[in-house]
Amino acid sequence: MTVTVTPEEFRFVHFDAAQTARIADDVARLTGIDRPVQVEIDETTPLSRVRIDLGDTIVLHVESGAFEDTKRPRHQSETATAASLARCLLKARDRLEGGFGEAPTDDDLTLQQAAAWDTYCAGRMARLGLTVNQQRFRYNFRNRFGFTDQVDTRFERVWAADALTWGELQSLTSGESMVVDAP
Amino acid sequence: MRKFFPVEELARDQRFEQITMRQAQADPRTVLNAESRNKTNRLTPDRADASDRARGLMHGIFVGEIQALEGAGRTCWDFETGTEAPFALKLDMARQAWDEARHVEISVKLSDWMGTEIGQFAENTVLFEAACSNDPVLRLAGVNRALEGLAIDVFTTMKEFGDLAGDPFLEFCEDWMLADEVTHVKMGSDWLRRITENDAERRKKALEFQQVVDKLFSFGGTRSDSKESPIGLARRFRELAGFTDTEVEDIAEMSLKALEERKAFAAAALAGDTTADPA
Ligand SMILES: [Fe+2]
Ligand SMILES: [Fe+2]
């Protein structure tokens, strides 16, 4: 499998394209990705969004904050890089393997749907041996679904789940909470 | 015990990474293309990255509380009672240290609740730097009026965030800490007025120092009335803390001007000006 990273040199951050490619290669193997991966880093923003384009090659458009070391601004963190890539590649695999056909496009996911899917990815990442702070994802889940015991129970179920379809993920997270639309 | 403790020697374990104000603010990415990317930078729950941004801001509050505790404690110790600082001023600083110690503990618990580890984000040491002046009045102007004034703005933004997100602990804790901060800022306002009542020159110097510290933060575009700033200006709480209407207007105006300067700085960095690189 091939991994390419752009740009090769950075002007606003102290990132390393070769190291990024090595981490992406490791993570792609770990998450069972079977096709080339292209990582395009936007170093002009500290935000941390990632856009995924699926095709014969998986293209990840990554904002630099997604790979950044929060202790050392503008420097790269191996842990953050691996975690961000794994989250995206697991989502890519979900869509490619089937069962996620009814899932909206990434741009059309509600904040609740995005939080649920992130939780599902993070639980699997933890079981793959990657460094993940569960409480961080629990807090995000609570922000989207509510600060109640029922919501916490649903979080635990999603976290522990494997091989879900989009419909199963929705029913695990569904409740009376209002849907919060993306801005 | 030594007096006037340097910022480089603050006691921190290996979990903490400290950065200077220059490093913190010389990041051109923070305002590059800001207008085309976002309608707003304000921290609100409807942002996709809301919980992560709140975690980062909460960690900033946490390290600010540690430094506020250290600064107030030093002011109790660094000056001779009576000749250099009135006893009642030191008593206020002791009371503040007590409050800040409680705020540190609250911040640690909130960080834990939000899924943040101690030291997970860089520690900007600017608050303690402002507490290193050898004139207690300048410390009160720089720390209590400028930086704790900023704390009022930050706590108000976080309290609103907790309220909108429905987080019962965040909203509650921020509200209590906000009440303490208003008191700390008022201490700064009251002591500045009392001590410099018959010393116009000293008052002028203190107010200039406060303005320098205020501008440091405004330069980053961190706090202003503009939605491009993550933190708003809490006008009502500032009034309660002893700021005059003119002072609040001056800060508002300076903050907006500084945000524009910052955007120009970022544009220069984008054009290849390497002086923007803090590394
Ligand atoms: Fe405080
Ligand atoms: Fe304070």
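The shown structure was predicted, so the numbers you read here are calculated from the model rather than taken from an experiment. (Residues numbered from 1 in each chain as written. Chains lettered and ligands numbered in written order. Predicted model: local features only at pLDDT ≥ 70, side-chain atom pairs only at ≥ 80, totals over all residues. Heavy atoms only, no water.)

1. What to know about the domain arrangement of chain A
All names here are of chain A.
- Domain annotation of chain A identifies domain 1 (3–97) and domain 2 (106–177).
- Using only C-alpha atoms to locate each centre, domain 1 and domain 2 end up separated by 22 Å.
- Each side of the interface is counted separately: domain 1 has 13 residues, and domain 2 has 12 residues.
- There are 4 salt bridges connecting domain 1 and domain 2.
- Across the salt bridge formed by Arg 95 and Asp 106, the nearest N and O atoms sit 2.7 Å from each other.
- The tally of links between domain 1 and domain 2 comes to 5 residue pairs in polar contact (both at pLDDT 80 or more).
- By residue class, the composition of the side of domain 1 that touches domain 2 is 6 nonpolar, 2 polar and 5 charged. (Domains from an automatic or database assignment. Contact = heavy atoms within 4.5 Å. Salt bridge = Lys/Arg side-chain N within 4 Å of Asp/Glu carboxyl O. Polar contact = N/O pair within 3.5 Å; in protein donor to acceptor, adjacent residues only side chain to side chain. Nonpolar A, V, L, I, M, F, W, Y, C, P; charged D, E, K, R; others polar.)

2. A short note on the coordination of the iron ion (ligand 2)
Residues and elements named next belong to chain B.
- Coordination of the iron ion (ligand 2) by the protein comes from Glu 100 (OE), Glu 148 (OE), Glu 181 (OE) and His 184 (ND1), over a distance range of 1.8 to 2.2 Å.
- The coordination sphere of the iron ion (ligand 2) comprises 4 donor atoms, whose angles at the metal cover 76 to 159°; the geometry is irregular.
- For the iron ion (ligand 2), the donor residues sit on a single chain with the sequence spacing E-x47-E-x32-E-x2-H.
- Separation of the iron ion (ligand 2) from the iron ion (ligand 1) amounts to 3.3 Å, with Glu 100 serving as a shared donor to the pair. Residue Glu 100 is found in helix 4 (residues 87–114), and its partner His 184 is found in helix 7 (residues 168–195); the two are separated by 84 residues along the sequence. We note that Glu 100, like His 184, is buried. (Donors = N, O, S within 2.8 Å, 3.2 Å for Na, K, Ca; no water. Tetrahedral: all angles 85-135°; square planar, octahedral: opposite > 155°, others 65-115°. Helix = DSSP H or I, 4+ residues; strand = E, 2+ residues; numbered from the N terminus. Buried < 20%, exposed > 50% of the residue type's maximum accessible area, 1.4 Å probe, protein only.)

3. Re unusual backbone geometry
- Residue Thr6(A) is joined to Pro7(A) through a cis peptide bond whose omega torsion reads -5°.
- Here Pro7(A) lies in the loop between strand 1 (3–6) and helix 1 (17–30).
- Even without being glycine, Arg74(A) reaches a positive phi, approximately 75°.
- Examined against the element boundaries, Arg74(A) turns out to sit in the loop between strand 4 (58–63) and helix 2 (78–97).
- For Phe4(B), which is not a glycine, the phi torsion comes out positive at approximately 55°.
- In this structure, Phe4(B) sits in the segment before strand 1 (18–19).

4. Side note on the coordination of the iron ion (ligand 1)
All names here are of chain B.
- Within the protein, the iron ion (ligand 1) binds to Glu 65 (OE), Glu 100 (OE), His 103 (ND1) and Glu 181 (OE); these donor distances fall in the range 2.0 to 2.2 Å.
- Seen from the iron ion (ligand 1), its 4 donor atoms lie at angles of 82 to 140°, and the figure they make is irregular.
- Between consecutive donors of the iron ion (ligand 1), the numbers of intervening residues give the motif E-x34-E-x2-H-x77-E.
- Note on His 103: relative accessible area 0%, which makes it buried.

5. A short note on the pattern of salt bridges
- In the structure shown here, the tally under the stated rule is 37 salt bridges over all chains.
- Between Asp118(A) and Arg87(A) there is a salt bridge, and its shortest N-O distance comes to 3.2 Å. Highlighted residues: Asp118(A) in helix 3 (residues 111–127) and Arg87(A) in helix 2, separated in sequence by 31 residues.
- Across the salt bridge formed by Glu97(A) and Arg93(A), the nearest N and O atoms sit 3.7 Å from each other. Of this pair, Glu97(A) and Arg93(A) both sit in helix 2, separated by 4 residues, roughly a single helical turn.
- Given the relative accessible area of 60%, Glu97(A) is considered exposed.
- The exposure class assigned to Arg93(A) is partly exposed, which follows from its relative accessible area of 23%.
- Linked by salt bridges that have partners in common, Arg95(B), Asp99(B), Arg102(B) and Asp180(B) make up one network.

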